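Architecture and fold: a report
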Amino acid sequence: SFKVDLNRNVRGQKLGDVDELNFHNLLNDASCLSDALGNEFYRAAGVPAPRTAYAYLDVTVDGKWDRQALGLYALVEPVDGAFVAERFGSRRTPLFKPVTYQLFEDLGADWADYADIYDLKTEATDTEKRRVMELARLVSHAGNAEFARRIGEFLDLDAFARFLACEVLLANHDGFLADGQNFYVYLNPATQRFGFIPWDLDLSWGAFFLLGTPGERERASIWHPWVGRHRFLERMLAVEDFRGRYRRQLEDLLGRWFVPQRLHARIDELAEVVRGP
């Protein structure tokens, strides 16, 4: 895969409104459709997700290559300041890319102990950083009644229910549900509540070959979709109000978007693009 920084050598250089291009190489995706179809599904569900396109790449290196063919790539919109500015109205929307299966674990009151794990991609004030630590304390220490009463102060519950429903329906285990990576967390500046953004969906649609058999992934539980212990999800699914919201999102997606006839038609359309003229 390639990440192209358009203004590394020429400051302010952009293509359209982006200054970075992500070309995903599709090597783990025999269909070449998972990233495009997956991100489209999240967007249809109302979850902020990258836009995608396809690109055939070639490269020229003076004295070595002249338009050397590299093949087909998925062009995936960067999740960065421009992304959050368009979706949430400000480039300063705090945007994190966590790498942890113990999401929102209390690590103390010093942001330095969280910084590497949560990998802040935009700017955040000390108050906004404390918001992460406050949620971590709630998840780690609150009793069940307090957690159920207060979690809505920190999470947009319907938005998280939509994100989780998409993760489960797409059996997207190379990320949030199994290895604690390949997703973003943002803090909405208008509500001061956290939300989630998917990333790297080449092994979605049940294709994560490192976890069980295809049949086992297909039959994974909607009420316990995570692997091992996942304290944050365990606590969320123990809240009756959230379970109701999550179930309603699943039913809505199954009725409107996760429909075989619709998906088959869209697969045929994307396949025409992938195959080319």
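Above this text sits the structure in question.
Residues numbered from 1 in each chain as written. Predicted model: local features only at pLDDT ≥ 70, side-chain atom pairs only at ≥ 80, totals over all residues. Heavy atoms only, no water.

It is worth spelling out helix 2 (residues 81–88) at this point. Every buried residue of helix 2 is accounted for by Gly 81, Phe 83, Val 84 and Phe 88. What you see down the axis of helix 2 is that its buried residues fit within an arc of 160°, all on one side. Packed against the buried residues of helix 2 are strand 5 (95–96), strand 6 (183–187) and strand 7 (194–198). For helix 2, the side-chain oxygen to backbone nitrogen distance between the N-cap and Ala 82 is 3.1 Å, and the N-cap itself is Asp 80. Phi turns positive, to about 90°, at Gly 89, one or two residues after helix 2. (Buried < 20%, exposed > 50% of the residue type's maximum accessible area, 1.4 Å probe, protein only. Helix = DSSP H or I, 4+ residues; strand = E, 2+ residues; numbered from the N terminus. Arc of directions from axis to C-beta. Contact = heavy atoms within 4.5 Å. Polar contact = N/O pair within 3.5 Å; in protein donor to acceptor, adjacent residues only side chain to side chain.)

The next point concerns the pattern of salt bridges. Going through the model one piece at a time under the given rule, you end up with 17 salt bridges. Glu 86 serves as the salt-bridge partner of Arg 51, at 3.2 Å between the closest nitrogen and oxygen. Here the residue Arg 51 occupies a position in the loop between helix 1 (34–45) and strand 3 (52–61), and Glu 86 occupies one in helix 2, the gap between them amounting to 35 residues. Glu 86 sits in the partly exposed class, given a relative accessible area of 46%. (Salt bridge = Lys/Arg side-chain N within 4 Å of Asp/Glu carboxyl O.)

The final tally for this structure, using the stated rule, is one cavity of 30 Å³ or more. When its volume is computed, the largest cavity comes out at roughly 50 Å³. Taken together, Asp 17, Val 18, Arg 51, Glu 77, Pro 78, Asp 80, Ala 82, Phe 83, Glu 86 and Arg 87 make up the lining of the largest cavity. Grouping the constituent residues of the lining of the largest cavity by class yields four nonpolar, no polar and six charged. (1 Å grid on protein atoms, 1.4 Å probe; cavity = no way out; pocket = protein on both sides within 12 Å on 5 of 7 lines; lining within 4 Å. Points joined across faces, edges and corners; volume = space filled by probe spheres on them. Nonpolar A, V, L, I, M, F, W, Y, C, P; charged D, E, K, R; others polar.)

Our focus in this paragraph is the packing of aromatic side chains. Summed over all chains, the structure comprises 28 aromatic pairs. Between the aromatic rings of Phe 88 and Tyr 186, the centroid separation amounts to 4.3 Å while the plane-to-plane angle is 25°, which identifies the pairing as stacked. Pair noted here: Phe 88 is in helix 2 and Tyr 186 is in strand 6, with a separation of 98 residues, a long-range link. Pair check on accessibility: Phe 88 and Tyr 186 agree, each one buried. When the centroid spacing of 5.2 Å and the interplanar angle of 75° are considered together, the rings of Phe 104 and Phe 232 count as edge-to-face. One end of the pair, Phe 104, is in the loop between strand 5 and helix 3 (112–118); the other, Phe 232, is in helix 8 (residues 231–237), and 128 residues separate them in sequence. Note on Phe 104: relative accessible area 1%, which makes it buried. You can call Phe 232 buried: its relative accessible area is 1%. Geometry around Trp 65 places Lys 64 over its ring, the cationic atom sitting 4.8 Å from the centre. (Phe/Tyr/Trp six-rings, centres within 6.5 Å; stacked < 30°, edge-to-face > 60°. Lys NZ or Arg CZ within 6 Å of the ring centre and 35° of its normal.)

The end-to-end C-alpha distance of helix 1 is 16 Å, a good match for the 16 Å that 12 residues give at a rise of 1.5 Å each. Most of helix 1 is tucked away: 10 of the 12 residues are buried. Within the span of helix 1, buried status applies to Ser 34, Asp 35, Ala 36, Leu 37, Gly 38, Asn 39, Glu 40, Phe 41, Tyr 42 and Ala 45. Count one or two residues on from helix 1 and you reach Gly 46, which has phi positive near 95°. (Expected span 1.5 Å × (residues − 1).)

Attention shifts here to the nonpolar core. Among the nonpolar cores identified, the biggest contains 51 residues, and Phe 160, Phe 176, Phe 196, Phe 232, Met 236 and Phe 242 are the most heavily contacted of them. The leading source of residues in this core is helix 6 (residues 157–169), at nine residues. (Core = buried A, V, L, I, M, F, W, Y, C linked by side-chain atoms within 4.5 Å.)

What follows concerns the sheet that holds strand 3. Strand order in the open sheet made by the four strands is 1-2-4-3, with antiparallel pairing throughout. Both outer strands of the open sheet, strand 1 (2–5) and strand 3, are each paired with one neighbouring strand and no more. Within this sheet the neighbouring strands show an average axis-to-axis angle of 40°, counted without direction. Of the pairings in the sheet, the one linking strand 1 to strand 2 (residues 20–24) comprises four bridges and is antiparallel in character. By the bridge assignment, Lys 3 is partnered in strand 2 with Asn 22. Strands in contact with helix 1 are strand 2, strand 3 and strand 4 (65–76); relative to strand 3, the strand with the most contacts, it is inclined by about 140°. Contacts from helix 10 (residues 260–275) reach strand 3 and strand 4 within the one sheet, and its direction differs from that of strand 3 by about 10°. (Pairing = 2+ DSSP bridges. Axes fitted to C-alpha atoms, helices over the stretch in contact; angles between N-to-C directions.)

Spatial relationships are all this shows, so hold off on functional conclusions.
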